[in-house]
Amino acid sequence: MRNQEVARIFSEIADMLAIQGQDQRRVLAYERAADSIGQLERDVVDMTHEGKLTQIPGIGVTLATKIEELLTTGKLSLHERLKAEIPPGVVEMLQVPDVGPRTAARMWKELGVTSVDELEKAAQSGRIQELSRMGARKEARILEGIQILRRRSGRTPLGIAWYQAYDMLEVLRRVPGVRQAAPAGSLRRMRDTVGDLDLLVAAEEAEPVMACFHQLPQVAEVVQSGPTKTTIRTRQGLQVDLRVMEVGRWGTALQYLTGSQAHNVHLRGLAKDCGYSLSEYALKREDGTEILCPEEADVYRHLGMVWVPPELREDRGEIEAALRGELPRLVERADLKGDLQSHTTWSDGNQSVGEMAEAARSRGLCYILITDHSYGMGIAGGLREADLAGQRAEIAAANARYHDLAVLAGIEVEIRADGTLDFPDSVLASLDLVVASLHTGLRTGRERTTQRILAAIRNPHVDVIAHPTGRLIGQREGADLDMEAILQAAAQEGTAIEINAYPDRLDLPDVYVRRAVELGVKLAINSDAHDVRDLDHLFFGVATARRGWATPEHVVNTWDLERMLSWARSRGN
DNA sequence: GCCGTTTTCGGCCCGACTGTTTTCAGTCG
């Protein structure tokens, strides 16, 4: 059973307990456990065998026992019992915006509604507004919520949400009186997908900002609107929250709005221990006097710690590390000296070797590895052995043109079904670096897929394993892999694991980056550019690395050319 | 439900907006 499955069951239990009106704390405990397991960098199965479940934040003895039951029997008695008591459609109703556990329970108990479809019928027939403390408006909201739910297409990839947020912020920044404007929420934490956009503006007056926000061309509908907070839905169906704050409260507001929820809860608990109450407005002493925090760092400083980079704010140990003053110096885009995966017209890229080289140079890189596909990737027009000489000539020509950029000869070689590679070792040895990946047979089972990758990791000519899980965000789950075995092997062999910066991939996913960093695995942040513009995606790859606590030292393409090549040569090239 | 050099019991973050209400519950983040 995979972590996501355990997380889903716990989350369902939380929903069902909430519908039953049970203690909110108990509900929260299950929600927290679900979150924690969903973000776990280790296999929960392995953790169980090692007897380390209670080391997972939010997992105590009771929940650890439940996880064991789930993994041994494939079922959880509490879950089964709740499922027998509450119709599944009632739990589904929680997906409807503005329907929470109380409303769902009342619909079920008082109207006999047991599905979203029945809820819609009840609303259309006016039965909901007849209930006490319900009204026509609430009923209309529920109907609207059902429509939104049916249109909703899930979470938005970071690479798309990022540009949408910046387009809106660009306009808001020009409103007179605006001092600062920034993204917050999961977007600022650079999660691989975001559920909605959170924007924060500091301004002398809120009204003009809100007025401008309402009139943005992206707005399809204003969902709610108050003096300091407005929620809209864009034409693409993305929800955007805007909060406007006084200039002097920027620090607390940005901290609050960035989250994560778990990070904030922990931080506010800490504030309480220090005799403060922390909100988005200020740190408040017990006598009611406020300490304003114009900058985010002020908030952390008052609580006795250093500023925590947003990418780390998931309550995964960053607060403890910040209190000790031991946060890592995370890798930054400016640390990258090269890119180790790029495609050209020799396979499925849009530009020539020369054009890619120029684009890399103009983005401040000192080296770029040309990695066209090998022939096994037939759909991408992969290279045959005979093509390599011609490509090498182009690479040599590009090198002759620059004194400040090295164009390296590489390949993205296909890992075949049996774990062997498309090219013999003799060919691979002639290249500067070899990147290996699999594009087919991702669904052939955990054991087989893991073995294929392990074989490639152990090949001394292979320097980098590209997009290891093969996931395509929002389209395809990653392969079922024994990631722990893969990372252990990579650590032992010195093979680098790629963090593919393509916004659809961001693969290795952040939770495994964290584990890779713990194990001392070498990482490579690569654009996988098929077009010169794709080189800009490196930024998202860096963000993913940062979310996994990676420092420049972990990332081979922050190293200068000499050191990077000497590592590659030590691998057998 | 979890968690702890204040505690093994008694805490567990804080506020905006909405709707149906004359003071607050529900939802959301």
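Quick note: structure is the one above.
Thresholds, definitions, all that
Residues numbered from 1 in each chain as written. Chains lettered and ligands numbered in written order. Predicted model: local features only at pLDDT ≥ 70, side-chain atom pairs only at ≥ 80, totals over all residues. Heavy atoms only, no water. Helix = DSSP H or I, 4+ residues; strand = E, 2+ residues; numbered from the N terminus. Rg over C-alpha atoms; globule rule 2.2 N^0.38 Å. Buried < 20%, exposed > 50% of the residue type's maximum accessible area, 1.4 Å probe, protein only. Contact = heavy atoms within 4.5 Å. Pairing = 2+ DSSP bridges. Axes fitted to C-alpha atoms, helices over the stretch in contact; angles between N-to-C directions. Parallel < 35°, antiparallel > 145°, perpendicular 65-115°, else oblique. Left-handed = near helix turned anticlockwise from the far one by under 90°. Nonpolar A, V, L, I, M, F, W, Y, C, P; charged D, E, K, R; others polar. Right-handed = clockwise from strand over helix to strand, strands pointing away. Salt bridge = Lys/Arg side-chain N within 4 Å of Asp/Glu carboxyl O. Near = heavy atom within 4 Å. Polar contact = N/O pair within 3.5 Å; in protein donor to acceptor, adjacent residues only side chain to side chain.

**Digging into the overall build of chain A**
If you tally the helices and strands in chain A, you get 24 helices and 17 strands. Expected size for 573 residues packed as a compact globule is a radius of gyration near 25 Å; at 26 Å, chain A falls within 12% of this value. Each principal axis of the C-alpha distribution contributes one length, and for chain A these read about 80 × 60 × 50 Å. Residues classed as buried in chain A amount to 55% of the 573 residues present. Pairs at least 24 apart in sequence give 69% of the contacts found in chain A among residues at least 6 apart.

**So, the sheet that holds strand β2 (residues 178-184)**
An order of β2-β4-β7-β6-β5 is seen for the five strands of this open sheet, with the pairing classed as mixed. This sheet does not close on itself; its edge strands, each paired only once, are β2 and β5 (219-225). Taking the axes of each pair of neighbouring strands and ignoring which way they run, one obtains an average angle of 20° across the sheet.

**Considering the packing of helix α1 (residues 3-19) against helix α5 (residues 77-85)**
As a packed pair, α1 and α5 sit with axes 10 Å apart at the nearest point and diverge in direction by 45°. What the angle tells us is that α1 and α5 run oblique. Relative to α5, α1 is oriented so that their crossing is left-handed. Touching Ile-9, Glu-12, Ile-13, Met-16 and Leu-17 of α1 are Leu-78, His-79, Leu-82 and Lys-83, all from α5. Considering only residue class, the contact of α1 with α5 consists of six nonpolar, one polar and two charged.

**Here we look at the pairing of strand β12 (residues 367-370)**
What you see with β12 is no split at all: Tyr-367 and Leu-369 on one side and Ile-368 and Ile-370 on the other are buried throughout. As defined by bridge partners, strand β11 (residues 338-342) adjoins β12 across three bridges and the pair is classed as parallel. Looking at β12, one finds that Gly-338 is bridged to Tyr-367. This β-α-β element, β11 to helix α17 (residues 353-362) to β12, shows right-handed connectivity. Sheet analysis places β12 next to strand β13 (residues 406-414), joined by four bridges and oriented parallel. In the sheet register, Tyr-367 faces β13, and the bridge partner there is Ala-406.

**Observations concerning the pattern of salt bridges**
In this structure the tally under the stated criterion is 42 salt bridges. Measuring nitrogen to oxygen at the nearest pair gives 3.0 Å for the salt bridge that ties Glu-280 to Arg-243. On the criterion of sequence distance, the pair formed by Glu-280 in the loop between β8 (276-278) and β9 (283-285) and Arg-243 in strand β7 (residues 239-245) is long-range, its members being 37 residues apart. Judged by its relative accessible area of 13%, Glu-280 falls in the buried class. For Arg-243, a relative accessible area of 10% gives the class buried. Between Arg-446 and Asp-480 there is a salt bridge, and its shortest N-O distance comes to 2.9 Å.

**What about the protein's contact with DNA strand B?**
Close to DNA strand B lie 46 residues; Arg-26, Thr-103, Gly-135, Arg-268 and Tyr-281 are nearest. Restricting the count to atoms of DNA strand B within 4 Å of the protein gives a sugar and phosphate share of 77%. Between DNA strand B and Tyr-281 there is a distance of 2.6 Å, counted from a phosphate oxygen to a side-chain nitrogen or oxygen. Elements supplying a minimum of two residues to the surface near DNA strand B: α2 (24-38), α4 (61-73), α7 (101-111), α9 (136-151), β5, β7, α14 (261-273) and β8.

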